[in-house]
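# Structure at a glance
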Amino acid sequence: MKDLMGLMKQAKEMQAKMEAAQAQVADTEATGRSGGGLVTVTLAGGGNMKALNLDPSLLGGAEDKEMLEDLIIAAYQDAKVKLDQAAAETMKSAMGGMSLPPGMKMPF
């Protein structure tokens, strides 16, 4: 019975750590760049775009529209990768190095 109580206590502690980590992830921001910094995208924790900055030199003419769209997508993807990495690190530290089986993600 003592073991069960200890296990329950550990589960509650883990849940509290996970909730704190999720809140920290939600507050995390990542900035992605493309075109040598001509396009910058900032994402908030859930992957929502928070800011977009275009260098004025890109706003030449309509023929640049397709290139500009590609640069925005590339900057977004760069920021999303960075955001996902930061979230993974936050969750890993919250779990205290405990590893999950391959393919299993937190929270359940």
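Residue positions are given per chain, counted from 1 along the sequence in the order it is written. Reporting in this predicted model follows two pLDDT cut-offs: at least 70 for local features of residues, and 80 or more for side-chain atom pairs to be given and counted; totals over whole chains, interfaces and linings ignore these cut-offs and use all residues. Side-chain calculation: all heavy atoms of the structure are included, whereas hydrogens and water are not.

### Description of the sheet that holds strand β1 (residues 29–34)
How we decide: What makes two strands pair is DSSP finding at least two bridges between them. Per the convention used, a helix needs a DSSP run of H or I reaching at least four residues, while a strand needs a run of E reaching at least two, with both numbered from the N terminus. Between N-to-C directions, angles cover 0 to 180 degrees, with each direction set by a line fitted to C-alpha atoms, over the stretch in contact for helices. Here a residue-residue contact requires only that any non-hydrogen atoms of the pair lie within 4.5 Å.
Strand order across the open sheet formed by 3 strands is β1-β2-β3, with antiparallel pairing between neighbours. What marks the edges here is a single partner per strand, and that holds for β1 and β3 (49–54). When strand polarity is set aside, the average angle formed by the axes of neighbouring strands in this sheet is 15°. In this sheet, β3 lies alongside strand β2 (residues 39–44) in antiparallel orientation, the contact comprising 5 bridges. Each residue of the ladder has a partner; that of T40, found in β3, is N53. Sheet strands in contact with helix α2 (residues 65–94) are β1, β2 and β3, and its direction is about 145° off that of β1.

### Some words on the pattern of salt bridges
Counted only if it meets this: For this document, the term salt bridge refers to a Lys or Arg side-chain nitrogen within 4 Å of an Asp or Glu carboxyl oxygen. Throughout this description, buried means an accessible area under 20% of the type-specific maximum (1.4 Å probe, protein chains only), exposed means over 50%, and partly exposed covers the range between.
Inspection of the entire model under this criterion finds 3 salt bridges. The closest approach of N and O atoms between D78 and K82, which form a salt bridge, is 3.4 Å. Taken together, the positions of D78 and K82, both in helix α2 and 4 residues apart, correspond to about one turn of that helix. D78 gets classed as partly exposed once you look at its relative accessible area, which sits at 25%. On the basis of relative accessibility, which here comes to 35%, the residue K82 falls in the partly exposed class. The partner of D84 in a salt bridge is K80, with the nearest N and O atoms 3.1 Å apart. Of this pair, D84 and K80 both sit in helix α2, 4 residues apart, which is roughly one turn of that helix.

### As for the confidence of the model for the chain
Going by this rule: The predictor reports its confidence for every residue as pLDDT, a score running from 0 up to 100.
For the chain, the mean per-residue pLDDT works out to 79, and 84% of the residues sit at or above 70. Taken element by element, the predicted model of the chain shows its lowest mean pLDDT in helix α1 (residues 2–27) (80) and its highest in β1 (88).

### Structural notes on the UniProt feature "coiled-coil region" (unreviewed entry) in the chain
Definition in use: UniProt positions are given in the numbering used here, feature names are shortened, and annotations may be inferred rather than shown by experiment.
Sequence positions flagged by UniProt for "coiled-coil region" (unreviewed entry) are, in local numbering, residues 4–31. In residues 4–31, helix accounts for 86% and strand for 11%; the two terminal C-alpha atoms are 45 Å from one another.

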